[in-house]
Amino acid sequence: MGKDKKMILAAKKTILAIDTSCDDTSVAVLEGNRVLANVVASQTAIHQQYGGVFPTLAKQAHQENIEACVQLALQRAGLSNKLKIRDHIDAVAVTVGPGLAPALEVGIKHAKKLAKQWQLPIIAINHIEAHALSPLLSPKTKRQNREIDFPVLALVISGGHSEFILIKQIGNYQRLGWTVDDSAGECLDKVGRMLDLGYPAGAILEKLAKKGNPNLWSLPLAMTSVDNFNLSFSGLKTASSQLINQVKKQKQLDGQTVCDLAATVQQQVFSQIIYKLERILFSPDLSKKVYPKAQLIKKIKQQKTKAAVTDINEIWLGGGVAANITLRTSIRQTLKTYQKLSGKKIKLHLPYHKKFCADNAAMIALTAQFSSEQSKNTNAQLIDRQANLKIGTFCQAC
Ligand code: KG4
Ligand code: ZN
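Residues numbered from 1 in each chain as written. Chains lettered and ligands numbered in written order. Predicted model: local features only at pLDDT ≥ 70, side-chain atom pairs only at ≥ 80, totals over all residues. Heavy atoms only, no water.

Take the site of ligand 1 next. Surveying the vicinity of ligand 1 reveals 20 residues, the closest of which are G159, G160, D189, E206 and G320. Side-chain polar atom of D189 to an oxygen atom of ligand 1: 2.7 Å apart, as the coordinates give it. Here ligand 1 has 560 Å² of accessible area as a free molecule, and 86% of this is covered by the chains. In terms of residue class, the shell around ligand 1 is made up of seven nonpolar, ten polar and three charged. Each of domain 1 (8-137 + 356-382) and domain 2 (147-349) accounts for three or more of the residues forming the shell around ligand 1. (Near = heavy atom within 4 Å. Polar contact = N/O pair within 3.5 Å; in protein donor to acceptor, adjacent residues only side chain to side chain. Areas by Shrake-Rupley, 256 points an atom, 1.4 Å probe, with all protein chains shown as cover. Nonpolar A, V, L, I, M, F, W, Y, C, P; charged D, E, K, R; others polar. Domains from an automatic or database assignment.)

In structure tokens:
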């Protein structure tokens, strides 16, 4: 693994990007990594009654909102007339996957239309890669020219994904671990629905969990006996549902009990993420996939021996669940423990504002800054939705 440090974003292209991967219609304009505009039309009110995203309604709402979002983004970026668009915008970028196929389709169709109208290249972007790179976004007023110390470990924890990605260089990714079933956000949302907290429930659960006791009941910690970095939340979802039903039989769900349940489930979701993060950090050789045994970390602590020094130099956290302060604190705590045991400091980097944890087109435009050279000859006709696109695999059009 190289130890090259790289100055970010020598290129300062101005890119308009569209993301319609799920239930938010988002359009952004970036110059380099600076966010000039980021417009999000939320569909939460539409989908709330279904307790999840209804694909046909998502498609319809994207179609209704997209042009207004484009116009508003251009206006906020100070590019509302045709001359300014021609002089300033270098490319149009769009999410091609992963996501809901009917929803992706709307953004891709509109991006093609704009690229044709403005005679600009179109850049196909992977939504997970964009979440992984989201900590590199910078506000309009600042130019964040910091160095990246590769390799970086990215944690993308959202409603659709839960992945550990090793970033050797931008564009060179290795998926270290991923969920084998549900995502962390999906588990939190399901529990929120069972507790009648509305949809999506992650942020509400976070608030309630602060007032709750996470240690009144115990829930299973999954994936501890497998020697890999994968995650699984479907068992926890079922166990949480059984626990809630059991508590409901015993007593009425008063406010405090709901807080206690929220704290219990949230703690167990994050415990699994932290458990696997510790495994990644304490594993002496990632390339050989030599994993520490489940008790390794405990042993190191007891014997006060030094932990092996990992190659990883930075951790980047992205995705909707990354907005959670308890998760952020737990990761910082893990990194502190790691520093004590190994002598190595690893810094945690987050999107500069919580709104960039959730789905947004700013992260799509940012990712396009890096891909624009390799994909500038992209044939717009080849760009198509790829609902199950993974990170590390190239989209057909690139
Ligand atoms: O990244 P995102 O907006 O969409 C996907 O790409 O999936 O993530 C949405 C997820 C939802 O599951 C939502 O409940 C969760 O992020 N979420 C949170 C918080 N805010 C949003 N989970 C925990 N704590 C939060 N503060
Ligand atoms: Zn997302």
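Structure shown, so let's carry the discussion forward.
The zinc ion (ligand 2) binds to the protein through H127 (NE2), H131 (NE2) and D359 (OD); the donor distances cover 2.0 to 2.1 Å. Between the four donor atoms coordinating the zinc ion (ligand 2), the angles at the centre fall across 94 to 131 degrees, so the site counts as tetrahedral. Here the donor residues of the zinc ion (ligand 2) share one chain and are spaced in sequence as H-x3-H-x227-D. With a gap of 232 residues between them, H127 in helix α5 (residues 127-133) and D359 in the loop between β13 (347-349) and α12 (362-371) connect regions that are remote in the sequence. Looking at D359, the relative accessible area reads 17%, which means it is buried. (Donors = N, O, S within 2.8 Å, 3.2 Å for Na, K, Ca; no water. Tetrahedral: all angles 85-135°; square planar, octahedral: opposite > 155°, others 65-115°. Helix = DSSP H or I, 4+ residues; strand = E, 2+ residues; numbered from the N terminus. Buried < 20%, exposed > 50% of the residue type's maximum accessible area, 1.4 Å probe, protein only.)

This part is about the packing of helix α7 (residues 202-210) against helix α9 (residues 255-282). Closest axis-to-axis distance for the α7/α9 pair is 7 Å, and the angle between their directions is 110 degrees. By the angle between their directions, the pair α7 and α9 is classed as roughly perpendicular. The handedness of the crossing between α7 and α9 is left-handed. In this structure, α7 uses L205, E206, L208 and A209 to contact α9, whose residues at the interface are V258, C259, A262, A263 and Q266. Its residues assigned to classes, the contact of α7 with α9 shows seven nonpolar, one polar and one charged. (Axes fitted to C-alpha atoms, helices over the stretch in contact; angles between N-to-C directions. Parallel < 35°, antiparallel > 145°, perpendicular 65-115°, else oblique. Left-handed = near helix turned anticlockwise from the far one by under 90°. Contact = heavy atoms within 4.5 Å.)

Taking burial as the measure, the eight residues of strand β3 (residues 24-31) include seven buried ones, the bulk of the element. Bridge analysis of strand β2 (residues 14-19) against β3 gives six bridges, and the strand direction is antiparallel. Paired with L16 across the two strands is V29, which belongs to β3. Counting the residues that bridge the hairpin from β2 to β3 gives four residues. Sheet topology note: the β3/strand β4 (residues 34-42) ladder contains eight bridges and is antiparallel. Within β4, the residue paired with L30 across the bridge is V35. Here β3 folds back onto β4, and the loop between the two strands holds two residues, one of which, G32, carries a positive phi near 60 degrees. (Pairing = 2+ DSSP bridges.)

Take the packing of α9 against helix α11 (residues 325-342) next. Here α9 crosses α11 at 30 degrees, and the two axes come no closer than 10 Å. The orientation of α9 with respect to α11, classified from their angle, is roughly parallel. Where α9 crosses over α11, the handedness of that crossing is right-handed. Residue-level inspection shows Q266, F270, I273, I274, L277, E278, L281 and F282 of α9 in contact with α11, the latter providing T326, L327, S330, I331, T334, L335, Y338 and L341. Looking at the contact of α9 with α11 residue by residue, the classes come out as eleven nonpolar, four polar and one charged.

One rule of thumb: low pLDDT means the predicted coordinates there are not for detailed reading. Model confidence for the protein chain is summarised by a mean pLDDT of 88, while 87% of its residues fall at 70 or above. Between residues 288-293, whose pLDDT stays under 50, and residues either more than four places distant or in other chains, the model counts 14 contacts. Per-residue pLDDT stays below 50 along residues 394-398; that stretch engages in eleven contacts with residues further than four places along the chain or on separate chains. (pLDDT = per-residue confidence, 0-100.)

For strand β12 (residues 314-318), the buried fraction is high: five of the five residues fall into the buried class. Of the two faces of β12, both are covered, the one formed by E314, W316 and G318 as well as the one formed by I315 and L317. Pairing of β12 with β13, which is carried by three bridges, proceeds in the parallel orientation. Its bridge partner being in β13, I315 is matched across the sheet by L348. Tracing the backbone out of β12, into α11 and back to the parallel element β13 gives a crossover that is right-handed. (Right-handed = clockwise from strand over helix to strand, strands pointing away.)

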